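Next come the chains, spelled out residue by residue.
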Amino acid sequence: MGFVSGIVLGFVFGIGLIVGFARCQQVRAKRRSELAEATAAFARMTVQGTKKILIDGEYPSWVLGWLNQQLEKLWPYIDEAASELIRSSVEPIIEQYRPPILASIEFSKLTLGTVAPQFTGICLVDSEPGEIIIEVEIQWDGDPNIVLEIKPLVGVALPIQVKNIGFTGIFRLIFKPLVDEFPCFGAIAYSLRKKKQFDFTLKVIGGEISSIPGLSDAIDETIRDAIEDSITWPVRKIVAILPGDYSDLELKPAGMLRVKLVLAQELVNKDLIGKSDPFALLYVRPLRSRTKRSKTINNQLNPVWNENFEFVVEDQSTQCLTIKIFDDEGLQPSELIGCAQVELKDLEPGQVKLLWLKLVKDLEVQRDTKHTGQVHVELLYCPFGTGSQFAKPYDPDLSLTSLERVMKYEADDSGAAEIEKKNEQMRREVILRGVLSVTVVSAEGLPALDILGKSDPYVVIMMKKSGAKVKTRVLNDTLSPVWNQTFDFVVEDALHELLILEVYDHDTIGKNYIGQCIMTLTRLLVEGEFYDDFPLAGTKSGKISLHLKWAVQPIIRDS
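Further remarks concern the sheet that holds strand β15 (residues 374–383). Within a sheet, each strand pairs with its neighbour through backbone hydrogen bonds, oriented either parallel or antiparallel. Pairing within the open sheet is antiparallel, and its four strands lie in the order β11-β8-β15-β14. The outermost strands of the open sheet, each flanked by one partner alone, are β11 (304–313) and β14 (353–358). Neighbour-to-neighbour, the strand axes of the sheet open up by a mean angle of 25 degrees, direction not taken into account. Pairing of β14 with β15 involves six bridges; the strand directions are antiparallel. Within β15, the residue paired with Leu 357 across the bridge is Val 375.

So this is what it looks like as structure tokens:
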């Protein structure tokens, strides 16, 4: 009996050991998995993310404290090396953006002072295999000695000191490629990823800069343009550590962004007498040579521009399109109405995206919730070197070669501004002619404008450029009319045409305006045919259903 009991107890004990060991291994595996997930989450965390969980003063001393201590030790040597690097690399760019009223701008003195910058944040960025990307946030309230020698076209040279520099920004460091030779990477590329604050003052040594009208603003814009074009992302500086070809790290055009600025609505009025005179500034990189301006629409809070602009894109994943709407004040400085921004990473290559963007007063600090208006844009991003995205819907194997000539972009060795100019010239040389078929299907949710709680709606269809106009029949006593009427228009230049639909309530005497829908033809040119619902502007409710078709007949101007 004792022998049998011993066997049973030994068996049970063995099973218990196995179960306990398996349970222990499961717990350890779970902890390792949770640790790996937490580590990956920290690796993906941005500077702003780290500040949310590590408030000021609680960054690990062995990270930021150690980095700041080492930077203070190295700063005298960095000052000497960086001063010469800045002089040699920035001076040519300053000369490039030199105002026409000046003969030359040169550094006569350039040292970065004794106060070292401070690291205030650090994070590791997700990257491709074979590279490591680190972003560091730096704050600098330095005491540099920077003196510019300004030579006007007429008169003596002026020494202008750049003082009271305050800077906060995020620098990106790219270590690429990773190799099996010490220090394990071939080169370092660095760039100013985001400029949060950059303030400075200008002072004429022995005089007052305000005594020369326009000089301060001209030099201020020149300095900011030079910094934007020399080191601000996607521009990057490359330092080779090991011998090799690192041309893949250089800044190269990646694609072309086509922007159609259609219209704006409900803009806030900035004029005391009459209405605002709005115009728009658009840019992907805030350089004067790369910023586009629309025409001014006088005395209008609902302007219709219908203008096309081209922008070279260097990095779709990080760059944005910025739109700023101003009130033109003539000889006085223009007043900002509102601004909006679109991240290019949200665009699908080769697909037209229609957007209504709410205007805000400040893109960085959006505290003011007051409604300042909205702007309607149409975006199309086409990467360089990709196959055509545009085909006839009734024959997918047959490309629209004329449309490709307009929509497809090619990169060359020219600068970004030159590429934009070439593509705009190509667009002017091509006319897309064809027949537009508009079927006004129905409408829903129209407001009641009659005494009995109904309306008698009808639709007026217009082509803005050609002036062609037709209208549907009137349907009595309904807020959800169904017309199912088709109209054909011969369009001479589809790329610059606008389709306008206005809905009215018919009365015995006169008519009441309900709302409107304005659209370009770009989506139709790409897709060939589509059915969709469109909200009516100018009314609190209501939408209209349309079926659109396009039959193309391209015409190419002889050069």
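Don't stop here, the text continues.
Per-residue pLDDT for the protein chain averages 80, and the proportion of residues at 70 or more is 80%. Every residue in residues 387–406 scores below 50 in pLDDT, and together they form 35 contacts with partners more than four places removed in sequence or on other chains.

Turning to the environment of Ser 230, a few remarks are in order. Inspection of the secondary structure assignment puts Ser 230 in helix α4 (residues 215–230). On the basis of relative accessibility, which here comes to 6%, the residue Ser 230 falls in the buried class. Note: C-alpha distance between Ser 230 and Ser 89 (141 residues apart in sequence) is 7.6 Å. The residues touching Ser 230, leaving out its near neighbours within four places in the chain, are Val 90, Ile 93, Val 235 and Lys 237. Within the local environment of Ser 230, its side chain forms a polar contact with the backbone oxygen of Ala 226, the two atoms lying 2.7 Å apart.

The subject of this paragraph is the nonpolar core. Ranked by size, the top nonpolar core spans 38 residues in total, and within it Leu 148, Ile 150, Val 162 and Ile 219 carry the most contacts. Taken together, the elements giving at least two residues each to this core come down to α3 (61–96), β1 (102–111), β3 (132–140), β4 (145–152), β5 (158–178), β6 (185–204) and α4. Here this core takes eight residues from α3, the largest share from any one element. Setting aside residues up to four positions removed in sequence, Val 162 forms contacts with Ile 146, Leu 148, Phe 200, Thr 201, Leu 202 and Ile 223. Membership of the second largest hydrophobic core comes to 32 residues, among which are Leu 501, Ile 514, Leu 536 and Leu 546.

This next bit is on the side chain of Thr 522. Inspection of the secondary structure assignment puts Thr 522 in helix α7 (residues 522–527). We classify Thr 522 as buried; its relative accessible area is 1%.

In this section: the sheet that holds strand β19 (residues 457–463). Judged by pairing direction, the sheet is antiparallel, and its four strands sit side by side in the order β20-β19-β22-β23 without closing on themselves. Each having just a single partner strand, β20 (469–471) and β23 (511–520) make up the two edges of the open sheet. The sheet shows a mean angle of 20 degrees between the axes of neighbouring strands, taken without regard to direction. Alignment of strand β22 (residues 498–506) against β23, held across nine bridges, turns out to be antiparallel. Counterpart to Leu 501 in the pairing with β23 is Cys 517.

It is a probe the size of a water molecule, rolled over the atoms, that shows where empty space is left. Of the pockets and cavities examined, the second largest pocket occupies roughly 1500 Å³. Lining the second largest pocket are 40 residues, with Ala 82, Ile 86, Leu 112, Phe 171 and Ile 231 positioned closest to its centre. Listing elements by their share of the lining of the second largest pocket, those giving two or more residues are α3, β1, β3, β4, β5, β6, α4 and β7 (237–240). Looking at the lining of the second largest pocket residue by residue, the class counts come to 35 nonpolar, three polar and two charged.

As a further point, take α4. Its 16 residues place the ends of α4 22 Å apart at the C-alpha level, agreeing with the 22 Å of an ideal helix rising 1.5 Å per residue. Along α4, the positions that sit buried rather than exposed are Leu 215, Ala 218, Ile 219, Thr 222, Ile 223, Asp 225, Ala 226, Glu 228, Asp 229 and Ser 230.

Conventions and cut-offs
- Residues numbered from 1 in each chain as written.
- Predicted model: local features only at pLDDT ≥ 70, side-chain atom pairs only at ≥ 80, totals over all residues.
- Heavy atoms only, no water.
- Pairing = 2+ DSSP bridges.
- Helix = DSSP H or I, 4+ residues; strand = E, 2+ residues; numbered from the N terminus.
- Axes fitted to C-alpha atoms, helices over the stretch in contact; angles between N-to-C directions.
- pLDDT = per-residue confidence, 0-100.
- Contact = heavy atoms within 4.5 Å.
- Buried < 20%, exposed > 50% of the residue type's maximum accessible area, 1.4 Å probe, protein only.
- Polar contact = N/O pair within 3.5 Å; in protein donor to acceptor, adjacent residues only side chain to side chain.
- Core = buried A, V, L, I, M, F, W, Y, C linked by side-chain atoms within 4.5 Å.
- 1 Å grid on protein atoms, 1.4 Å probe; cavity = no way out; pocket = protein on both sides within 12 Å on 5 of 7 lines; lining within 4 Å.
- Points joined across faces, edges and corners; volume = space filled by probe spheres on them.
- Nonpolar A, V, L, I, M, F, W, Y, C, P; charged D, E, K, R; others polar.
- Expected span 1.5 Å × (residues − 1).

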